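# Per-entry structural report
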Amino acid sequence: KEYKSGNLLRETIYKVCQNTLQQCLHEHYEDCPWREQALYTMDSRNQMLCGYYAFGETEAARAALELISYGVRPDGLLMLCYPAGLDFPIPAFSCMYFVQMDEYIRHSGDVTLAAAVFDKLETIIKTFHKKVQPEGVIENFYEWSATMNGHIPDGQRRLECPLNCFYSLAMQSLANICDALGKTEYAIELRARVKSLNAAIAEVFYNPETKLFESFDCIHRGWYTVLTQSLAMLCGAAEGVDTSVMLQAMATNGKT
């Protein structure tokens, strides 16, 4: 698709970006065409979303989403990338699968893939449901790096805001998918869960003194990230709280 703005610099940037995206698309979207040809949900979501506008096609996105569906692990999470044999899970990436499936339906009008893999979508989301704690949010249980692999020293539990925001976005997207498939009651149930989760995120992580969302409940208190504020706004957890400082932080990239 052409982009005409009357500005040579803008049009050149668009062409460079479009070409870069094309180089990262072979039989599926990949991390990069040279060093690593792996397919990730988080990366491919951004690539698919740009591709809908840059190329005006949906077949590549469908093929990638179908391939990802084969990567559901025994514990109900998605593998890290496809096809690879790397079995490290990143639960936030599993959440993003719902978002890109929802966006695929909206851009293509095709619901057949979501219908075909719906049992797998249910398996993944129920894995997150089982992690809900008494506070109404889920505990940290992910990644392979030190302190982030689900094995907290001395059995200490850790709650993390960004992961809960991704969980909220996943349920919102699944509710939209249910609407498209005529599963109205399930969509209502999911949206009720979202409302409860978002309220719990605000209760656990929002600091009314700083007017910012903490990233964790037990470590790095007083340290804030723009990402956490952005996710809290995006998923709706910030509705009903004072967002003035959050908005300033995002507008200045943390320079408050």
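The present account deals with the structure reproduced in this document. (Residues numbered from 1 in each chain as written. Predicted model: local features only at pLDDT ≥ 70, side-chain atom pairs only at ≥ 80, totals over all residues. Heavy atoms only, no water.)

The next thing to look at is the overall build of the chain. Summing up its helical and strand segments, the chain has ten helices and two strands in all. Walking the chain from its N terminus toward its C terminus, one meets helices and strands in the order α-α-α-α-α-α-α-α-β-β-α-α. Burial statistics for the chain: of 256 residues in total, 45% are counted as buried. Long-range pairs, those at least 24 residues apart, make up 59% of the contacts in the chain between residues at least 6 apart in sequence. (Helix = DSSP H or I, 4+ residues; strand = E, 2+ residues; numbered from the N terminus. Buried < 20%, exposed > 50% of the residue type's maximum accessible area, 1.4 Å probe, protein only. Contact = heavy atoms within 4.5 Å.)

Right, let's talk about the nonpolar core for a bit. Grouped together as the largest cluster of nonpolar side chains are 69 residues, with contacts concentrated most on Tyr 97, Leu 174, Ile 201 and Phe 213. By residue number, the principal contributor to this core is helix H7 (residues 161–181), which donates twelve residues. Once residues lying within four places of it in the same chain are set aside, the contact partners of Tyr 97 are Thr 41, Leu 65, Ile 68, Ser 69, Leu 78, Val 117, Leu 121 and Ile 124. (Core = buried A, V, L, I, M, F, W, Y, C linked by side-chain atoms within 4.5 Å.)

Turning our attention to helix H6 (residues 118–129). The terminal C-alpha atoms of H6, which comprises twelve residues, lie 16 Å apart, in line with the 16 Å expected from a rise of 1.5 Å per residue. Turning to H6, its buried residues number three or more, namely Phe 118, Leu 121, Ile 124, Ile 125, Thr 127, Phe 128 and His 129. (Expected span 1.5 Å × (residues − 1).)

With that settled, consider the side chain of Thr 243. For Thr 243, the position within the fold is in the loop between helix H9 (226–235) and helix H10 (244–251). With near-sequence residues (within four places) excluded, Thr 243 lies in contact with Met 233 and Ala 238.

All right, on to the packing of aromatic side chains then. With the rule as written, the count across this model stands at five aromatic pairs. Looking at Lys 183, its charged tip hangs above the ring of Phe 118, at a distance of 4.7 Å from the centre. (Phe/Tyr/Trp six-rings, centres within 6.5 Å; stacked < 30°, edge-to-face > 60°. Lys NZ or Arg CZ within 6 Å of the ring centre and 35° of its normal.)

Relative orientation of the contacting elements helix H2 (residues 41–54) and helix H3 (residues 59–69) amounts to 160°, with a least axis distance of 10 Å. As summarised for this structure, H2 and H3 are arranged roughly antiparallel, according to the angle between their axes. When the axes of H2 and H3 are compared, the crossing they make is left-handed. In contact with Thr 41, Ser 44, Met 48 and Tyr 52 of H2, H3 contributes Ala 61, Ala 64, Leu 65 and Ile 68. A per-class count over the contact of H2 with H3 returns six nonpolar, two polar and no charged. (Axes fitted to C-alpha atoms, helices over the stretch in contact; angles between N-to-C directions. Parallel < 35°, antiparallel > 145°, perpendicular 65-115°, else oblique. Left-handed = near helix turned anticlockwise from the far one by under 90°. Nonpolar A, V, L, I, M, F, W, Y, C, P; charged D, E, K, R; others polar.)

With respect to the element layout, Asp 110 can be found in the loop between helix H4 (91–108) and helix H5 (112–116). A distance of 3.0 Å separates a polar atom in the side chain of Asp 110 from a polar atom in the side chain of Arg 62. Setting aside residues up to four positions removed in sequence, Asp 110 forms contacts with Arg 62, Tyr 104 and Ile 105. (Polar contact = N/O pair within 3.5 Å; in protein donor to acceptor, adjacent residues only side chain to side chain.)

Among the secondary structure elements, Ile 125 is positioned in helix H6. Relative accessible area serves as the criterion here: at 0%, Ile 125 is assigned to the buried category. Linking Ile 125 and Leu 77, residues 48 residues apart in sequence, is a C-alpha distance of 8.7 Å. Here Ile 125 is in contact with Phe 98, Tyr 167, Ala 170, Met 171, Leu 174 and Tyr 186, once residues within four sequence places are set aside.

It is at 11 Å that the axes of H4 and H6 come closest, and there the two elements cross at 135°. What the angle tells us is that H4 and H6 run oblique. Pair H4 / H6 crosses with left-handed handedness. Residue-level contacts link Pro 91, Ser 94, Cys 95, Tyr 97 and Phe 98 of H4 to Leu 121, Ile 124, Ile 125 and Phe 128 of H6. Partitioned by chemical class, the residues of the contact of H4 with H6 number eight nonpolar, one polar and no charged.

The next thing to look at is H2. Counted at 1.5 Å a residue, the expected span for H2 with its 14 residues is 20 Å, and the 19 Å between its end C-alpha atoms agrees. Buried-residue contacts for H2 involve helix H1 (8–23), H3 and H4. Taken from the residues just after H2, Gly 56 is the one with a positive phi, measuring 70°.

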